[in-house]
Amino acid sequence: MDRCLVRFGHCGRTIYTFSPGKLHRDTEGAAPWSRCPLCHEPLSLRLLEAPVRVPTPFRDGHRSPCALLIASRLGAAALSLFSCGSEQSDSELHVGISNSQGKVFSYTACGLRQDAQGWEEVLCVPLIPAPTTARTRRSWDQQLETFSTSGSWTPERFLEEREFGSCCYGYALSFVNFLRRLEGHDPVTRSNFTHRYVLPQVEASSQYLHLHLHVSHHGYYITEQILPHILQYEQYDC
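Conventions and cut-offs
Residues numbered from 1 in each chain as written. Predicted model: local features only at pLDDT ≥ 70, side-chain atom pairs only at ≥ 80, totals over all residues. Heavy atoms only, no water. Helix = DSSP H or I, 4+ residues; strand = E, 2+ residues; numbered from the N terminus. Contact = heavy atoms within 4.5 Å. Areas by Shrake-Rupley, 256 points an atom, 1.4 Å probe, with all protein chains shown as cover. Phe/Tyr/Trp six-rings, centres within 6.5 Å; stacked < 30°, edge-to-face > 60°. Buried < 20%, exposed > 50% of the residue type's maximum accessible area, 1.4 Å probe, protein only. Pairing = 2+ DSSP bridges. Axes fitted to C-alpha atoms, helices over the stretch in contact; angles between N-to-C directions. Parallel < 35°, antiparallel > 145°, perpendicular 65-115°, else oblique. Nonpolar A, V, L, I, M, F, W, Y, C, P; charged D, E, K, R; others polar.

Visitor: What should I look at first to understand the overall build of the protein in this one?
Guide: A count of helical and extended segments in the protein gives 4 helices and 9 strands. In sequence order, the secondary structure elements of the protein are arranged as β-β-β-β-β-β-β-β-α-α-α-α-β. Put simply, 68% of the contacts in the protein that link residues at least 6 apart link residues at least 24 apart. Taken as a whole, the protein presents about 13,300 Å² of accessible surface, with 49% of it coming from carbon and sulfur.

Visitor: What's the story with the packing of aromatic side chains in this structure? I'm lost.
Guide: Across all of its chains, the model carries 12 aromatic pairs by this definition. Each ring, one from tyrosine 107 and one from tyrosine 171, has its centre 6.3 Å from the other, and the planes form 45°; the classification is tilted. One end of the pair, tyrosine 107, is in strand 6 (residues 104-108); the other, tyrosine 171, is in helix 3 (residues 167-182), and 64 residues separate them in sequence. Residues phenylalanine 147 and phenylalanine 178 carry aromatic rings whose centres are separated by 5.3 Å and whose planes lie at 40° to one another, so their mutual orientation is tilted. Here phenylalanine 147, found in helix 1 (residues 134-148), pairs with phenylalanine 178, found in helix 3; they are 31 residues apart in sequence, far enough to count as distant. An aromatic cluster is defined as three or more aromatic residues linked by ring pairs; in this entry it consists of Tyr107, Trp140, Phe147, Trp153, Phe158, Tyr171, Phe175 and Phe178.

Visitor: Would you explain the pairing of strand 5 (residues 93-98) in this entry?
Guide: Counting buried positions along strand 5 yields 5 of 6 residues, so the element is predominantly enclosed. In terms of strand pairing, strand 4 (residues 67-72) meets strand 5 through 5 bridges, oriented antiparallel. When the bridges of strand 5 are listed, leucine 68 appears paired with isoleucine 97. As paired elements, strand 5 and strand 6 share 3 bridges and run antiparallel to each other. Bridging across to strand 6, serine 98 finds its partner in valine 104. Hairpin connection between strand 5 and strand 6: a loop of 5 residues separates the two successive antiparallel strands, and glycine 102 in this loop has a positive phi of roughly 90°.

Visitor: Explain unusual backbone geometry to me, please; I cannot follow it from the model alone.
Guide: For residues besides glycine, phi is generally negative; the peptide bonds are generally trans as well. A positive phi angle is found at cysteine 11, which is not glycine, with a value near 55°. Its place among the elements puts cysteine 11 in the loop between strand 1 (5-10) and strand 2 (13-18).

Visitor: Whenever I open this one, the sheet that holds strand 9 (residues 221-223) confuses me. Can you help?
Guide: Through backbone hydrogen bonds, the strands of a sheet pair up, either in parallel or in antiparallel fashion. The sheet built from 4 strands is open, its strands ordered 3-1-2-9 with antiparallel pairing. If you trace the sheet from one side to the other, it starts and ends with strand 3 (52-54) and strand 9, each paired once. For this sheet, the mean angle separating the axes of adjacent strands, direction not counted, is 30°. The sheet strands contacting helix 4 (residues 190-218) are strand 1, strand 2, strand 3 and strand 9, and the helix crosses strand 2 at an angle near 75°.

Visitor: In this structure, what is going on with the packing of helix 3 against helix 4? I would like to understand it.
Guide: Packed helices, taken two at a time, are described by their axes: the angle between them and the distance between them. Running from amino to carboxyl end, helix 3 crosses helix 4 at an angle of 90°, the nearest separation of the two axes being 11 Å. The pairing of helix 3 with helix 4 is recorded here as roughly perpendicular in orientation. Of helix 4, the residues touching helix 3 (which contributes Tyr169, Leu173 and Val176) are Arg190, Phe193, Thr194 and Val198. Residues belonging to the contact of helix 3 with helix 4 are distributed by class as follows: 5 nonpolar, 1 polar and 1 charged.

Below, the structure written as structure tokens:
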């Protein structure tokens, strides 16, 4: 999915397609880089009518500090299958927490892991607002290290937790609640956290993947309104 999706309006519809790359403008400033698939007229795109880029909802986890990350060994397409009721077959989805330097802590059948690579295409749930201070980042890293090296996250416990559908997601959510207790807040349930923070990311990824696949096969995706779940990712920078 290395091609950039864009959307523009024409003939009273919202049209999604792939960006052709750099636009070559003519002497009048127009950039007829495509034709409208409805009226087949050339599109002359002025500055204020520039197409809107639709960025991928997937992130590089090692460049997403202080966040909860959801990855899949089957690639980004499998991430849209995440559900709050299970870990989508524990062998396929994996959840971790990144520190301020992009190192990812996760809980596996071998115990706790710390990875500097391997989480390059993930769904990302930021856990602290940006920008952050150096003090906040140091505190985050210290608390994550303390929590992760407490001796609780052993291979033996992983097998026990697996029977209850927890494992890596349980580890990540336990860390979230560990921080909440330190701040004097009540713990958040798995269901509430998933529905409030995780499922919106999953819905956006599912819609983006469907859109990308449709455009790959047909060249365009035409609708009467902007797709809601991926609207939050759009930027005016194509």
